[in-house]
Amino acid sequence: QCCGIVMIGTLPTLRLGLSFASLWGVISFSISGFSFPVMAMNPVLQALSNLFPLRHYFLIYVDQALNGYSMAYSWSNYMALLIFMMLAFFVVHHTLMKDIKFKDKIAQGINDLFYIWKREFQTTFRDQGVLIFFILVPLGYPLLYSFIYDNEVVREVPAVVVDDSHSSLSREYLRKVDATPDIQIVAYCADMEEAKQMLKNRLAYGIIYIPSDFSDNIAKGKQTQVSIYCDMSGLLYYKSMLIANTAVSLDMNKDIKIARSGNTTGRQDEITGYPIEYEEISIFNPTAGFAAFLIPAVLVLIIQQTLLLGIGLAAGTARENNRFKDLVPINRHYNGTLRIVLGKGLSYFLVYVLVSFYVLHIVPRLFSLNQIGQPGSLVLFVAPYLAACIFFAMTTSIAIRNRETCMLIFLFTSVPLLFISGISWPGAAIPPFWKYVSYIFPSTFGINGFVKINNMGATLSEVAFEYKALWIQAGVYFLTTCWVYRWQILMSRKHAIERYKELKEKENLAKQMTD
């Protein structure tokens, strides 16, 4: 809240302040380490993450709630939150110190349609807020999100070792673990307490413990074990620790079995080491990276959310500029439902054809993301998605009474829509209620269909469910948009007539008093 006060207080207008505060609030989820570890990000982003209060709250939550550490370990995070609070007081103080025929009807309708299209197109580039959300955000946000997850996977996770065996076999095990790309052994500790202290100070994110009887048990032919402990504030830390130790243990198990078997040929050794040979292949995600599976979904969602924001801002502006706070002005060109809906929709569609090409094609290519879909299938799929998003945004704009309202919609829906889309969390595990709720939004079908076509090489017939659903949404939301604007036209006329009668009564009353 205090950071919001700082932005609103320092920027020249309230609307611009709310715009930046909303965008800053949404990006804080990703850059704070909730979804992807900060330590695996670019060093510049690691430094910038400290400018987000959510990052410090996350670290406090991990220390206090999850690990049970004392407040002394989080003193720097508490100080950072206090500084954010103090900034608001300085900004507030600074602010307070300041001061016919059917043929003719067709022709007129077409002329009005293009008039509305032209006017809406001009509004897009004249209105600072709409320009930000239609142009600047689609240009910058995809780059920022892709840059955050550009490292794809977590490598060289710092780990510490407690080796109570001190044997040649334990040292061999640790050398092999350290040689993997997933783990970097940063220290050898005398006991578990010292290792836990390093985890508390965030000098390491995992502990490898080798018991004293590790080598003796192997020499006696008994089963032994290696224990790993991991900071579970990030699941990718645990993944790296588990993968590295599992790979090394399997490799050493193979050598031990071969040494005990007494084989005489290399082929016998191969069979003894791996009776069942397996090969791991990451289908459609060769790097098994975070960006390859998440960024396509985020890119599709950005298109919907920026349309909601831009169209909502335009609707808020229209109401604020209208004497009766109506969505449709008193103007002879705004005298028909279809011409208004198609004129506005055409304007937004033409802008977002270019935006979609940049977001869905240029950005993935810049960051070398997986793209194996057929261009023709993508174009045919994106067309109903844009139509559904535009008419959905125009329908919801009926609820926008001022420009600031749409910021709240954007802020509170972006992350939940990503979760219930079935990409970041398996769709089969989503409760039925929320699954049906997700069907309201074009992003659900857009994300799933785009990922299947672009990342998995599916054809249009293989995404028939999503494709048909988008066309149905486009048709339904087109009808609801027509209903919304028809109702607004009637309300606008009603208010104009009431105002005319009011003025007429005042005029008659003035004449009577004069007589």
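These notes cover the structure that comes with them. (Residues numbered from 1 in each chain as written. Predicted model: local features only at pLDDT ≥ 70, side-chain atom pairs only at ≥ 80, totals over all residues. Heavy atoms only, no water.)

**Re the nonpolar core**
Right, on to step 1. In this structure, Tyr145, Tyr149 and Leu307 are the most contacted members of the largest nonpolar core, which totals 118 residues.
Right, on to step 2. Broken down by element, this core gets its largest block of residues, 18 residues, from helix 13 (residues 290-321).
Right, on to step 3. Ignoring any residue separated from it by four or fewer positions in sequence, one finds leucine 307 in contact with Phe134, Gly312, Tyr348, Tyr352, Cys389, Ile390 and Ala393. (Core = buried A, V, L, I, M, F, W, Y, C linked by side-chain atoms within 4.5 Å. Buried < 20%, exposed > 50% of the residue type's maximum accessible area, 1.4 Å probe, protein only. Helix = DSSP H or I, 4+ residues; strand = E, 2+ residues; numbered from the N terminus. Contact = heavy atoms within 4.5 Å.)

**Some words on the sheet that holds strand 4 (residues 227-230)**
Right, on to step 1. If you walk across this open sheet you meet the 4 strands as 2-1-3-4, and the pairing is mixed. Lying at the two open borders of the sheet, with one neighbouring strand each, are strand 2 (183-188) and strand 4. Going across the sheet, the axis of each strand differs from the next one's by a mean of 30°, ignoring polarity. (Pairing = 2+ DSSP bridges. Axes fitted to C-alpha atoms, helices over the stretch in contact; angles between N-to-C directions.)

**Details of the packing of aromatic side chains**
Right, on to step 1. All chains considered together, the criterion is met by 19 aromatic pairs.
Right, on to step 2. For the ring pair tryptophan 117 and phenylalanine 121, a centre distance of 5.7 Å and an interplane angle of 35° mean the geometry is tilted. With tryptophan 117 and phenylalanine 121 both in helix 6 (residues 102-126), this residue pair falls 4 residues apart, about one helical turn.
Right, on to step 3. Tryptophan 117 sits in the partly exposed class, given a relative accessible area of 25%.
Right, on to step 4. Summarising the aromatic geometry, the rings of tyrosine 436 and tyrosine 439 are spaced 6.0 Å apart at their centres and angled 75° between planes, so their arrangement reads as edge-to-face.
Right, on to step 5. Through a chain of ring-to-ring contacts, the aromatic side chains of Phe114, Trp117, Phe121 and Phe125 assemble into a single cluster. (Phe/Tyr/Trp six-rings, centres within 6.5 Å; stacked < 30°, edge-to-face > 60°.)

**Details of the side chain of threonine 337**
Right, on to step 1. If you trace the backbone, threonine 337 turns up in helix 14 (residues 337-366).
Right, on to step 2. We classify threonine 337 as buried; its relative accessible area is 14%.
Right, on to step 3. The residues contacting threonine 337, other than those within four sequence positions of it, are Cys482, Tyr485, Arg486 and Ile489.

**A look at the packing of helix 7 (residues 128-148) against helix 14**
Right, on to step 1. One way to put it is that helix 7 packs onto helix 14 with a least axis distance of 10 Å and a crossing angle of 15°. Viewed along their axes, helix 7 and helix 14 adopt a mutual orientation that is roughly parallel. For the element pair helix 7 and helix 14, the recorded crossing hand is right-handed. Where helix 7 abuts helix 14, its residues Phe133, Phe134, Ile135, Pro138, Leu139, Pro142, Leu143 and Ser146 lie against Tyr348, Val351, Tyr352, Val355, Tyr358, Val359, Val363 and Leu366.
Right, on to step 2. When the residues that make up the contact of helix 7 with helix 14 are grouped by side-chain class, the tally is 15 nonpolar, 1 polar and no charged. (Parallel < 35°, antiparallel > 145°, perpendicular 65-115°, else oblique. Left-handed = near helix turned anticlockwise from the far one by under 90°. Nonpolar A, V, L, I, M, F, W, Y, C, P; charged D, E, K, R; others polar.)

**Quick notes on the packing of helix 15 (residues 375-396) against helix 18 (residues 442-456)**
Right, on to step 1. Between helix 15 and helix 18, the shortest axis-to-axis distance is 10 Å and the interhelical angle comes to 170°. In terms of orientation, helix 15 lies roughly antiparallel with respect to helix 18. Only Pro442, Ser443, Phe445, Gly446, Gly449, Phe450, Ile453 and Asn454 of helix 18 make contact with helix 15, whose side of the interface consists of Ser377, Leu378, Phe381, Tyr385, Ala388, Cys389 and Phe392.
Right, on to step 2. Taken together, the residues that form the contact of helix 15 with helix 18 break down as 10 nonpolar, 5 polar and no charged.

**Comments concerning unusual backbone geometry**
Trans is the common state for peptide bonds, and a negative phi is the common state for residues other than glycine.
Right, on to step 1. Phi angles above zero are rare outside glycine, and histidine 166 is one such case at about 55°.
Right, on to step 2. Histidine 166 sits in the exposed class, given a relative accessible area of 60%.
Right, on to step 3. Here the phi dihedral of phenylalanine 284 falls at roughly 65°; this positive angle occurs in a residue that is not glycine.
Right, on to step 4. The topology assignment puts phenylalanine 284 in the loop between helix 12 (266-273) and helix 13.

**What to know about the pairing of strand 3 (residues 206-210)**
Right, on to step 1. The element strand 3 is largely enclosed, with a buried count of 4 among its 5 residues.
Right, on to step 2. As defined by bridge partners, strand 1 (residues 157-163) adjoins strand 3 across 5 bridges and the pair is classed as parallel. By the bridge assignment for strand 3, aspartate 163 is matched with isoleucine 210.
Right, on to step 3. Here 4 bridges tie strand 3 to strand 4, and the two strands are oriented antiparallel to one another. Note that in strand 4 the partner of isoleucine 208 across the bridge is isoleucine 228.

**Concerning the environment of asparagine 285**
Right, on to step 1. For asparagine 285, the location among the structural elements is in the loop between helix 12 and helix 13.
Right, on to step 2. Placed 86 residues apart in sequence, asparagine 285 and glutamine 371 show a C-alpha to C-alpha distance of 10 Å.
Right, on to step 3. Those residues within four positions of asparagine 285 in sequence are excluded, and the remaining contacts are Ala292 and Phe293.

**Digging into the pattern of salt bridges**
Right, on to step 1. For the structure shown, the criterion picks out 10 salt bridges.
Right, on to step 2. The shortest N-O distance in the salt bridge between arginine 155 and aspartate 182 comes to 3.0 Å. Note that arginine 155 is positioned in the loop between helix 7 and strand 1 and aspartate 182 in the loop between helix 8 (168-179) and strand 2, a separation of 27 residues in sequence.
Right, on to step 3. Lysine 176 is paired through a salt bridge with aspartate 255; the nearest N and O atoms lie 3.6 Å apart. Of this pair, lysine 176 sits in helix 8 while aspartate 255 is found in helix 11 (residues 235-261), placing the two residues 79 residues apart along the sequence.
Right, on to step 4. Relative accessible area serves as the criterion here: at 24%, lysine 176 is assigned to the partly exposed category.
Right, on to step 5. We classify aspartate 255 as partly exposed; its relative accessible area is 33%. (Salt bridge = Lys/Arg side-chain N within 4 Å of Asp/Glu carboxyl O.)

**Thoughts on the environment of threonine 306**
Right, on to step 1. Among the secondary structure elements, threonine 306 is positioned in helix 13.
Right, on to step 2. Classification of threonine 306 as buried rests on a relative accessible area of 1%.
Right, on to step 3. Placed 87 residues apart in sequence, threonine 306 and alanine 393 show a C-alpha to C-alpha distance of 9.6 Å.
Right, on to step 4. Side-chain polar atoms of threonine 306 contact the side chain of tyrosine 352, separated by 2.7 Å. (Polar contact = N/O pair within 3.5 Å; in protein donor to acceptor, adjacent residues only side chain to side chain.)

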